[in-house]
Amino acid sequence: MTVAGQVKQTLASLKGAKATLDIFASFEKTEAKQVFERNTERIGKVINELEKRLQALEFEEPQYKGF
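Residues numbered from 1 in each chain as written. Predicted model: local features only at pLDDT ≥ 70, side-chain atom pairs only at ≥ 80, totals over all residues. Heavy atoms only, no water.

1. Comments concerning the environment of Val46
Part 1: Structurally, Val46 is set in helix 2 (residues 31-60).
Part 2: It is 8.9 Å that separates the C-alpha atoms of Val46 and Leu11, two residues lying 35 residues apart in sequence. (Helix = DSSP H or I, 4+ residues; strand = E, 2+ residues; numbered from the N terminus.)

2. Notes on the side chain of Thr40
Part 1: For Thr40, the location among the structural elements is in helix 2.
Part 2: A relative accessible area of 9% places Thr40 in the buried class. (Buried < 20%, exposed > 50% of the residue type's maximum accessible area, 1.4 Å probe, protein only.)

3. Considerations on the nonpolar core
In globular proteins that are soluble, nonpolar side chains generally tend to be buried together.
Part 1: Counting 9 residues, the largest nonpolar core consists of Ala4, Val7, Leu11, Leu14, Leu21, Ile43, Ile47, Leu54 and Leu57.
Part 2: Of all the elements in the fold, those that place two or more residues in this core are helix 1 (3-27) and helix 2.
Part 3: It is helix 1 that contributes the most residues to this core, 5 residues altogether.
Part 4: For Ile43, the residues in contact, after removing those within four places along its chain, are Leu14, Ala17, Lys18 and Leu21. (Core = buried A, V, L, I, M, F, W, Y, C linked by side-chain atoms within 4.5 Å. Contact = heavy atoms within 4.5 Å.)

4. A short note on the packing of aromatic side chains
Part 1: Taken as a whole, this structure holds 1 aromatic pair when the rule is applied.
Part 2: Summarising the aromatic geometry, the rings of Phe24 and Phe36 are spaced 5.5 Å apart at their centres and angled 35° between planes, so their arrangement reads as tilted. Here Phe24, found in helix 1, pairs with Phe36, found in helix 2; they are 12 residues apart in sequence, far enough to count as distant. (Phe/Tyr/Trp six-rings, centres within 6.5 Å; stacked < 30°, edge-to-face > 60°.)

5. Comments concerning the packing of helix 1 against helix 2
Part 1: It is at 9 Å that the axes of helix 1 and helix 2 come closest, and there the two elements cross at 160°. Classified by the interaxial angle, the pair formed by helix 1 and helix 2 is roughly antiparallel. Considering the relative orientation of helix 1 and helix 2, their crossing is left-handed.
Part 2: Residues belonging to the contact of helix 1 with helix 2 are distributed by class as follows: 16 nonpolar, 4 polar and 8 charged. (Axes fitted to C-alpha atoms, helices over the stretch in contact; angles between N-to-C directions. Parallel < 35°, antiparallel > 145°, perpendicular 65-115°, else oblique. Left-handed = near helix turned anticlockwise from the far one by under 90°. Nonpolar A, V, L, I, M, F, W, Y, C, P; charged D, E, K, R; others polar.)

Pasting the structure below:
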């Protein structure tokens, strides 16, 4: 598996984890909700950074684009 493929797989996993945290945050009414929301924001920042890195990889190596 290429580096770009691994980054895309990691992004998909992180987006799934973020969605799960969003669901948990919607059900909680206590301080746990704040923890879920805070971690959702953190994962969102990591996702944004990885998406930027993926764009750079695809720009540098166009053959990986779209895989």
